[in-house]
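These are the residues of each chain, in order.
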Amino acid sequence: MRPHSGHAHRRPRDPTPATPTDGHVTPPPPRPPRVTRSCPRLVRPRPPPGHAILPATRLATPTFGPRDPAAGPPARPLWAPPPSVLVPAREPARMAAASRESAPLGLVFERLFLAGRRLPTFPWTRLEEKLKNSSNSTLLLDILQKTVLHPLSVRHPPSAKYARCFLAELIRRHESAHAEPLDELYEALARVLTAEDSPQCHRSYLLPSGDSVTLCESTAIVSQGTTGLVTWDAALYLAEWALGNPAVFRDRTILELGSGAGLTGLVVCKACGPDVYVFSDCHGRVLQQLRRNLGLNGFPAGPVGSAPSPGPGPRGPRVAAVELDWARTTPGQLTALRPDVILAADVLYDPEVIPCLVGVLRKLSACRADPSPPEGYVAYTVRDPRTCRLFQAELDKAGIGWETIPSHRQTLFPYEPHSRMGILKLSL
Ligand SMILES: C[S@@+](CC[C@H](N)C(=O)[O-])C[C@H]1O[C@@H](n2cnc3c(N)ncnc32)[C@H](O)[C@@H]1O
């Protein structure tokens, strides 16, 4: 027997959909970049010849300044080498040994850093313990290679501020365990000091196949009046579930509602073999960034609303990005899409949008002419249980069946460990 919700309560609309102003309209949790303490003050300009980067035994504050002649020859190297040698060329055996020695911790740092997760969620204490028990720097060099110097970071840079704060913290942890500063960390820091801050950054999500999804995202969780310019935890959770259930998607036509930055769909396209994947959203800026992200990952979509274009390789899915506002869809638009599977992640954040979201689902169900109705999967973060119950009550009213999918164990994507998330399977 299907579970039933209690009464759904409605509250007045909050003007900013994802702002935590009342108990009913609660936002997604804060996103990076943020650190437990303020970022160190970092001076941008490269020092002129004859000036040194002063060794910082407590690098919360790397500073540049003229060398004190009375101090004698510098114990540390003068300013950073040119960029071409900033990535130290190390003999493979040494790096391989470093990788072996530090694989688990290095991999944790890699996933967290590439996905731009909040710095307090990194295992700093574990790192510090390891550093204290080690007489060499292989672990730190390995972490450096897997984060700031990772090929994905080099090609698609993270936020400069985030990289600076990360390196400053790494240096601080290292120097609290070892008195001797490590040149490579300063060289990496010097590189990011010259990088411009931007309201956009790249975040990369590693897949079990060794492939990855790289997205251009906003550094702010809400920007340009939308929450759709960053990846939310429910998108990661749904993508993780999809990776464990590829048969749901194989050779089928998928429609995603409220795609945002595109993480879920790109994971499905790369790993689950759909025939057609239609990304959709209502916000112009989101659609623009979404198309850019599809291109970044080898799925060039035509202009918004154009027919699905073939993906990479003969068997790649055809993808499209369409403007689809739940409040304004027409039956004609939905009939043309004819999805087998409907996906949506983190679209239950505002009780005010739920009736029109359910309205679209009802129309999608009605416009399928053939006997096999589409199925839907809606992933959500529980911020206020009443919002979830309201969604369930609206589904009941619309005659749409639903069940809760058993939760899966987090294994792959670095979402917040304490988020409460779920997926509803809908029978339309
Ligand atoms: C919290 S974001 C989630 C984005 C993405 N699914 C994720 O989880 O990372 C909500 C998304 O729903 C979209 N959205 C909100 N109201 C919508 C509507 N009426 N029609 C279509 N999309 C809408 C927003 O533009 C935004 O991209």
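A few points on the structure. Note that the structure is predicted; figures quoted are calculated from it, not measured. (Residues numbered from 1 in each chain as written. Predicted model: local features only at pLDDT ≥ 70, side-chain atom pairs only at ≥ 80, totals over all residues. Heavy atoms only, no water.)

1. With respect to the pattern of salt bridges
The tally for this structure, following the rule as stated, stands at 16 salt bridges. In this structure, Arg-118 engages Glu-416 in a salt bridge whose closest nitrogen and oxygen atoms are separated by 3.2 Å. In this pair, Arg-118 sits in the loop between α1 (92-114) and α2 (124-132) while Glu-416 sits in the loop between β11 (401-404) and β12 (421-427), placing the two residues 298 residues apart along the sequence. Both residues of the pair, Arg-118 and Glu-416, belong to the buried class. Between Arg-318 and Asp-275 there is a salt bridge whose closest N-O contact spans 3.4 Å. (Salt bridge = Lys/Arg side-chain N within 4 Å of Asp/Glu carboxyl O. Helix = DSSP H or I, 4+ residues; strand = E, 2+ residues; numbered from the N terminus. Buried < 20%, exposed > 50% of the residue type's maximum accessible area, 1.4 Å probe, protein only.)

2. Focus on the nonpolar core
Judged by nonpolar contacts, the single largest core of 43 residues is most densely connected at Phe-249, Leu-263, Leu-343, Tyr-377 and Phe-413. Sort the elements by how many residues they give to this core and helix α7 (residues 233-244) lands first, with eight residues. When residues no more than four places from it in sequence are discounted, the contact partners of Leu-263 are Tyr-205, Val-213, Leu-215, Thr-231, Ala-235, Leu-236 and Ala-239. (Core = buried A, V, L, I, M, F, W, Y, C linked by side-chain atoms within 4.5 Å. Contact = heavy atoms within 4.5 Å.)

3. A look at the site of the ligand
Among the 19 residues in the neighbourhood of the ligand, the closest are listed as Trp-232, Gly-258, Asp-281, Trp-326 and Ala-345. Asp-281 places a side-chain nitrogen or oxygen 2.5 Å from an oxygen atom of the ligand. A distance of 2.9 Å separates a nitrogen atom of the ligand from a polar backbone atom of Ala-345. Here the ligand, which alone exposes 590 Å², has 94% of that area covered by the protein. (Near = heavy atom within 4 Å. Polar contact = N/O pair within 3.5 Å; in protein donor to acceptor, adjacent residues only side chain to side chain. Areas by Shrake-Rupley, 256 points an atom, 1.4 Å probe, with all protein chains shown as cover.)

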